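Residue-level structure breakdown
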Amino acid sequence: MKTTSVWIIDFGSQYTQLITRRFRELGVTSEIITLEEGLARFKTAKPRALVLSGGPQSVFEDKTDYSPFLTADIPILGICYGMQIMGQFFGGKVEKGVIGEYGLAKIHLCNGFKINGVVGDTDVWMSHSDHVSVLPKDFTLIFESSNKLVAGIKHTSKPIMGLQFHPEVAHSVKGKEILEYFIKDVAKLESDWTSQSVLEDCLEQVRQVKGSKVLCAFSGGVDSLVAAVLAQKILGDDLYCFFVDHGLLRPQDLHHIEVLKEKTNLHIEILDVKNEFLSRLEGVKDPEQKRKIIGTTFIEVFEKKLNEYQDQKGIHFEYLLQGTLYPDVIESLSPHKVGGKSVTIKSHHNVGGLPERMKLKLLEPLRFLFKDDVRMMGTEMGLDHDWVYRHPFPGPGIGVRVLGELSADSIRKVQESDQILFEELKAHNLYDSTWQAFTVLLPVKTVGVKGDGRVYEEVIALRMVNSQDGMTASVTELPWSFLNRVSSRICNEIKGVTRVVYDITSKPPGTIEWE
Ligand code: XMP
């Protein structure tokens with residue numbers, strides 16, 4: 001990441017990622033860093049501006065010396081806890097609240113300040129109890145809440161501003177305008193985050209390994225596709241993409257890979273290892289066991305392939321190219337995770353174990369990007385809309401969409417029903433209205449009637465959700481006419497299925513995949 005970025009110091013707010021996104025949407029490069037890293041890096045590098053995020057702490061217990069940040073001659077924005085740190089440091093007073101301000105609140109702009117689009121009262125999202133009760137010297141009140149509490153402060157001569165509310169969340173109706181006011185009017189930051197500059201940054205990371213042989217575990221999803229296409233621009237024939245056909249794919253997945261082979265310059269080798277996967281999964285019912293078998297087999301397949309390349313072709317791979325995104329990087333950085341290590345809900349499979357086993361170094365050119373940025377870059381590189389906006393598909397594939405034991409017949413039922421769902425989403429122009437859509441085969445039989453006769457057959461569940469990053473999800477509301485059509489086609493066209501249900505569970509409590 002550029003040295004000229006805005007640093008978002010993460011005090012553990014639920015919304016820190018959103019701050020980064022909003023800055024980028026407003027054209028400014030920003031990155032999240034921990035307090036410790038920020039203080040250490042500050043000795044040798046200065047960011048263009050600093051944002052002190054919100055957090056669960058209280059200034060009454062915090063003994064950190066913030067003077068390196070707060071006396072530096074750079075623009076600073078304090079949000080929620082960040083504003084309280086500022087208020088206390090500059091000689092104001094922070095008090096414990098008798099009541100808190102949580103959720104939606106009204107604020108108004110005071111003292112003749114003018115912010116584009118902000119007129120009279122405006123709704124914002126708040127989440128605090130401690131508050132600045134006496135303004136520090138040289139600061140003016142810029143926002144006041146309807147409870148007559150300080151909701152925003154601004155230094156009279158320096159580019160320093162504090163907001164007690166969260167302008168980064170969508171509930172703060174004019175939040176973006178208020179952040180824009182900080183960026184343009186207070187901090188006077190020029191735009192530097194454009195699809196062109198982001199692409200250049202990613203290419204620069206790949207240039208560092210030019211001349212090495214690089215392997216990509218290619219899934220055809222937008223992350224691995226964008227990572228591979230941009231890496232290929234620098235690495236050329238030194239990039240080898242391997243696509244694993246584990247027999248748990250949908251017809252659209254293989255078709256997609258064939259199209260990419262034909263239409264891009266990528267060197268993609270399809271590894272047909274269906275038998276290896278399916279034989280190991282025979283008789284296995286438990287979801288975690290299935291996931292683990294699939295994950296281990298995946299790594300073994302790669303290991304075998306790499307040894308084969310080394311022994312037979314003399315090609316020695318040094319790097320593993322991965323489409324790792326910023327949310328995963330941040331997740332592994334966060335110092336304030338409540339409860340420490342998070343509980344494993346399911347073993348997400350990727351090629352995580354491979355680098356250690358094969359002594360590969362990682363090349364992760366997208367590690368500072370969110371999914372939206374990756375899509376923006378894919379579009380910038382001229383990739384087809386359908387490739388860039390393709391729904392996510394899990395590594396274990398249909399293996400976690402046939403509940404319980406797998407069989408050729410159950411895999412067929414999911415493949416066929418998924419194909420119908422996919423065709424109808426496309427035909428109704430609804431594919432882009434849902435973040436992910438798929439079918440699941442339930443391990444139950446129900447009674448039905450077909451052609452005046454009794455049948456006792458299986459059930460397909462439809463799962464369609466909207467989400468930003470898969471961490472939380474809501475059920476997509478789709479027209480009944482579309483759902484009816486999908487249900488009727490599945491029951492009519494798929495042998496052995498008589499009933500279709502629509503899963504209306506959000507995440508949490510449900511996860512997106514059923515296993
Ligand atoms: P869950 O089921 O955990 O899924 O709510 C969240 C998102 O992740 C996808 N998913 C996976 N992706 N390997 C992957 O690459 C996996 O093992 C895996 N399991 C779930 C899921 O499809 C959804 O988009």
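All values derive from a computational prediction rather than experimental measurement.

Concerning the sheet that holds strand S13 (residues 239–245)
The strands making up a sheet are joined through hydrogen bonds of the backbone, oriented either antiparallel or parallel. On the basis of which strands lie adjacent, the open sheet formed by five strands has the order S14-S13-S12-S15-S16 and parallel pairing. Of all the strands in the sheet, just strand S14 (268–272) and strand S16 (361–363) have a single pairing partner and so form its edges. Across the sheet, the mean angle from the axis of one strand to that of its neighbour is 30°, orientation sign disregarded. Sheet analysis places strand S15 (residues 319–321) next to S16, joined by three bridges and oriented parallel. Each bridged residue has a counterpart across the sheet, and for Tyr 319 the counterpart in S16 is Lys 361. This element, helix H10 (residues 287–313), spans strand S12 (214–217), S13 and S14 of the sheet and lies at about 140° to S13.

Overview of the pattern of salt bridges
Taken as a whole and judged by the stated rule, the model has 43 salt bridges. Salt-bridge contacts for Arg 357 lead to Glu 303; the nearest nitrogen and oxygen are separated by 2.6 Å. Taken together, the residues span a long stretch of sequence, with Arg 357 in helix H12 (residues 354–358) and Glu 303 in helix H10 at a distance of 54 residues. Residue Arg 357 is classed as partly exposed on the basis of its relative accessible area, which comes to 43%. Within the structure, one salt-bridge network assembled from shared partners comprises Asp 409, Arg 412, Lys 413, Glu 416 and Glu 458.

Digging into the sheet that holds strand S1 (residues 6–10)
The strand order across the open sheet built from nine strands is S2-S1-S3-S4-S11-S10-S9-S6-S7, with neighbouring strands paired in mixed fashion. Taken across any chain shown, the strands that pair with only one partner, and hence form the sheet edges, are strand S2 (30–34) and strand S7 (121–128). Recorded for the sheet is a direction-independent mean angle of 25° between the axes of neighbouring strands. By the bridge criterion, four bridges tie strand S4 (residues 76–79) to strand S11 (residues 160–163) in an arrangement that is parallel.

As for the pairing of strand S17 (residues 436–450)
Strand direction decides the pairing type here: S17 and strand S18 (residues 453–466), joined by 13 bridges, are antiparallel. Paired with Leu 441 across the bridge in S18 is Ile 460. The hairpin formed by S17 and S18 contains two residues between the paired strands, and Gly 451 there has a positive phi angle of roughly 55°.

Structural notes on the nonpolar core
Counting residues in hydrophobic clusters, the biggest one holds 46 residues, and the most contacted among them are Leu 215, Phe 242, Phe 317 and Phe 482. Taken together, the elements giving at least two residues each to this core come down to S13, helix H9 (274–281), H10, H12, helix H15 (408–427), S17, S18 and helix H16 (480–493). Top element by residues in this core is H10. It accounts for eight residues. Each of domain 2 (195–388) and domain 3 (401–503) gives at least three residues to this core. Apart from the residues within four sequence positions on either side, Leu 215 is in contact with Tyr 240, Phe 242, Phe 302, Leu 306, Phe 317, Tyr 319, Leu 320, Leu 321, Leu 354 and Leu 360. With 41 residues, the next largest nonpolar core counts Val 209, Cys 241, Ile 257 and Met 381 among its residues.

Some points on the domain arrangement of the protein
If you check the domain split of the protein, you get domain 1 (6–186), domain 2 (195–388) and domain 3 (401–503). Centre-to-centre separation of domain 1 and domain 3, based on C-alpha positions: 47 Å.

Re helix H8 (residues 251–263)
For H8, built from 13 residues, the straight-helix expectation of 18 Å at 1.5 Å per residue is met to within 8% by its first-to-last C-alpha distance of 18 Å. Among all positions of H8, only Gln 252, Asp 253, His 256, Ile 257, Val 259 and Leu 260 are buried. Taken down its axis, H8 places every buried residue within 160° of arc, on the same side. Away from the buried face of H8 by more than 90 degrees, exposed residues His 255 and Glu 262 are located. Buried-residue contacts for H8 involve helix H7 (222–235), S13, S14, helix H14 (385–388) and H15.

About the criteria used
- Residues numbered from 1 in each chain as written.
- Predicted model: local features only at pLDDT ≥ 70, side-chain atom pairs only at ≥ 80, totals over all residues.
- Heavy atoms only, no water.
- Pairing = 2+ DSSP bridges.
- Helix = DSSP H or I, 4+ residues; strand = E, 2+ residues; numbered from the N terminus.
- Axes fitted to C-alpha atoms, helices over the stretch in contact; angles between N-to-C directions.
- Contact = heavy atoms within 4.5 Å.
- Salt bridge = Lys/Arg side-chain N within 4 Å of Asp/Glu carboxyl O.
- Buried < 20%, exposed > 50% of the residue type's maximum accessible area, 1.4 Å probe, protein only.
- Core = buried A, V, L, I, M, F, W, Y, C linked by side-chain atoms within 4.5 Å.
- Domains from an automatic or database assignment.
- Expected span 1.5 Å × (residues − 1).
- Arc of directions from axis to C-beta.

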